[in-house]
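Listed here are the chains, written in short residue letters.
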Amino acid sequence: MKTYEKLLLENKAWAKEKIEDDPTFFDRLAHLQTPEFLWIGCSDSRVPANEITGTQPGEIFVHRNIANMVVNTDLNLLSVLQYAVEILKVKHIIVCGHYGCGGVKAAMTNHNYGIINKWLRNIKDVYRFHRKEVDSILNEDEQVNRMVELNVQEQVMNLAKTSIVQKSWKENLHPHIHGWVYDLHDGIIKPVFEMKAGTHIDPIYEFDDL
Ligand code: CO
């Protein structure tokens, strides 16, 4: 059997199991999704949002990219964000990074990776903001891991800089934004940063006519 054929076979077994557990499962989900969470995570295959949080289809709206970035010119991310906040009205946004992230590691080098350079540039900016702290760490892996935490923090703040989030904070008092880091070694998620609705941000990023 080819590897991809196994996926299709497993899918049939999964669907059968779901129906056995709950005969209305697919009917219900086919008509409506009402997730409470938007997940912005890394594309890394070892960090699947639903599996590590024990959530089911329908519970988390997911966006993933290299190193869980919130880039303010990324139409893909912004479209997901707008839909999640304005239409689905999610109560929480979770930015989830992971220790040992290859994207963060790559950004900390001077290698020329081609087109990926443009994406990694955003992570290099995070390093530049926090250079003093990161450089004071002597161990290279620990440097990367602290950068992973700081990157999550910066991406949470990037969400708060969008007019989408600011408008919803003003009108609905949510979403609550969480910065988490997943540890590949023990499977545990550590909360590292959060911003509740209405949290003060640097005034230069505040819009006055939302
Ligand atoms: Co990663």
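Anyway, here's the lowdown on the structure attached to this text.

Read from one edge to the other, the open sheet built from five strands follows the order E2-E1-E3-E4-E5, with strand pairing classed as mixed. The open sheet has two free edges, formed respectively by strand E2 (60-65) and strand E5 (189-195), since each of these has just one partner strand. Ignoring strand direction, the axes of neighbouring strands in this sheet form an average angle of 20 degrees. Here strand E1 (residues 37-42) runs beside strand E3 (residues 92-98); their pairing, made up of five bridges, is parallel. Across the sheet, Ile-40 pairs through a bridge with Val-95, a residue of E3.

The subject of this paragraph is helix H4 (residues 75-87). Taking 1.5 Å of rise per residue, 13 residues should cover 18 Å, and H4 covers 17 Å from first to last C-alpha, within 8% of that figure. Looking at H4, one finds that the buried residues are Leu-77, Val-80, Leu-81, Ala-84 and Val-85. Taken down its axis, H4 places every buried residue within 115 degrees of arc, on the same side. For H4, the exposed residues set more than 90 degrees away from the buried face come down to Leu-75 and Ile-87. The opening residue of H4, the one whose side-chain oxygen lies 3.0 Å from the backbone nitrogen of Asn-76, is Asp-74. Looking one or two residues past H4, Lys-89 carries a phi angle of roughly 55 degrees, positive in sign.

Every protein donor of the cobalt ion is accounted for by Cys-42 (SG), His-98 (NE2) and Cys-101 (SG), and the metal-donor separations fall at 2.0 to 2.3 Å. Here the donor residues of the cobalt ion share one chain and are spaced in sequence as C-x55-H-x2-C. Linking Cys-42 in strand E1 with His-98 in strand E3, this pair joins segments that are 56 residues apart in sequence. Each of the two residues, Cys-42 as well as His-98, counts as buried.

Procedures and definitions
- Residues numbered from 1 in each chain as written.
- Predicted model: local features only at pLDDT ≥ 70, side-chain atom pairs only at ≥ 80, totals over all residues.
- Heavy atoms only, no water.
- Pairing = 2+ DSSP bridges.
- Helix = DSSP H or I, 4+ residues; strand = E, 2+ residues; numbered from the N terminus.
- Axes fitted to C-alpha atoms, helices over the stretch in contact; angles between N-to-C directions.
- Expected span 1.5 Å × (residues − 1).
- Buried < 20%, exposed > 50% of the residue type's maximum accessible area, 1.4 Å probe, protein only.
- Arc of directions from axis to C-beta.
- Polar contact = N/O pair within 3.5 Å; in protein donor to acceptor, adjacent residues only side chain to side chain.
- Donors = N, O, S within 2.8 Å, 3.2 Å for Na, K, Ca; no water.

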